[in-house]
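Coordinate inspection notes
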Amino acid sequence: LKMGYALWTSQARLLVDLHTSLDDEAGNSDGTLLSLRVRGWRKCTGPLDLAGIRPSVQVTMDQADTKYLGYIDITAGMMLRFLLPKQVTLDVTPSYKTRDYDASHPDYGVTRNDSEFKCRLDASQPWSMKTTLTATLSLSQHDSNIDYYTYDETIVGAGITYAP
């Protein structure tokens, strides 16, 4: 089930959506997943070629049947959109997530607590009237009170978008 509410004006937008998944839906085979996201958008004019700001907050609760897999997480982020020369759009999106699990992990004897800091850069440039080139770089640092779940991640991507 997905529900949403959106409010638009020429200068700002607000989006609130709710997502629920029951057993065996969307790969969630161990309970019920509830997610609430609030996201805004504000057009900007002024220095630094900043075109817009999109703050967001998301709260997710997984009520897993296997208690140590259940969690509540909170994610806060902010996308900054810059319009650069030659029609290049650059989106810079830092975010921070904290996740607290419901019960002690059977292999480690402690209740898991994780955090993640991520920064994503997305660049796009029109190549023709119907084609856009894109590039993505995502850097994230995952920390946990259980060392096995602590790691750094780098993702690099490139693509072409065609809109007939």
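Everything below is about the structure printed above this text.
Residues numbered from 1 in each chain as written. Predicted model: local features only at pLDDT ≥ 70, side-chain atom pairs only at ≥ 80, totals over all residues. Heavy atoms only, no water.

What follows is about the overall build of the chain. Secondary structure summary: the chain contains zero helices and nine strands in total. Scanning the chain from its N terminus toward the C terminus, one meets helices and strands in the order β-β-β-β-β-β-β-β-β. Burial statistics for the chain: of 164 residues in total, 23% are counted as buried. If you sum the accessible surface of the chain, you get close to 10,800 Å²; carbon and sulfur atoms cover 59% of it. (Helix = DSSP H or I, 4+ residues; strand = E, 2+ residues; numbered from the N terminus. Buried < 20%, exposed > 50% of the residue type's maximum accessible area, 1.4 Å probe, protein only. Areas by Shrake-Rupley, 256 points an atom, 1.4 Å probe, with all protein chains shown as cover.)

A complete count under the given rule lists four salt bridges for this structure. Arginine 112 is the partner of aspartate 114 in a salt bridge, and the nearest nitrogen-oxygen pair spans 2.6 Å. Residue class for aspartate 114 comes out buried when judged on its relative accessible area of 13%. Of the charged contacts in the structure, one is a salt bridge between arginine 120 and aspartate 122, with a shortest N-O distance of 2.8 Å. Note on arginine 120: relative accessible area 38%, which makes it partly exposed. For aspartate 122, a relative accessible area of 17% corresponds to the buried category. (Salt bridge = Lys/Arg side-chain N within 4 Å of Asp/Glu carboxyl O.)

Turning next to the environment of leucine 137. Position of leucine 137 relative to the elements: it lies in strand β8 (residues 131–144). Sequence separation between leucine 137 and glycine 157 is 20 residues, and the spatial gap between their C-alpha atoms is 6.5 Å.

Our next topic: a nonpolar patch on the surface. A cluster of nonpolar residues, Leu14, Leu18, Leu36 and Val38, forms a patch on the protein surface that exposes about 270 Å² of accessible area. Those elements giving two or more residues to the nonpolar patch turn out to be β2 (12–21) and β3 (31–43). Using a relative accessible area of 39% as the deciding quantity, one classes leucine 36 as partly exposed. (Patch = residues over 30% accessible without salt bridge, like charges linked within 9 Å, V, L, I, M, F, W, Y side chains within 5 Å.)

Take the packing of aromatic side chains next. In this structure the tally under the stated criterion is three aromatic pairs. With 6.4 Å between their ring centres and 70 degrees between their planes, tyrosine 108 and tyrosine 149 make a pair best called edge-to-face. Placement of tyrosine 108 in the loop between β6 (88–104) and β7 (111–126) and of tyrosine 149 in the loop between β8 and β9 (151–162) is noted, with a sequence separation of 41 residues between them. Relative accessible area serves as the criterion here: at 39%, tyrosine 108 is assigned to the partly exposed category. By relative accessible area, which is 21% here, tyrosine 149 ends up partly exposed. Ring pairing ties together the aromatic residues Tyr108, Tyr148 and Tyr149, which thus form one cluster. It is arginine 99 that lies over the ring of tyrosine 71; its NZ or CZ is 3.8 Å from the centre. The ring of tyrosine 149 has arginine 112 lying over it, and the distance from NZ or CZ to the ring centre is 3.5 Å. (Phe/Tyr/Trp six-rings, centres within 6.5 Å; stacked < 30°, edge-to-face > 60°. Lys NZ or Arg CZ within 6 Å of the ring centre and 35° of its normal.)

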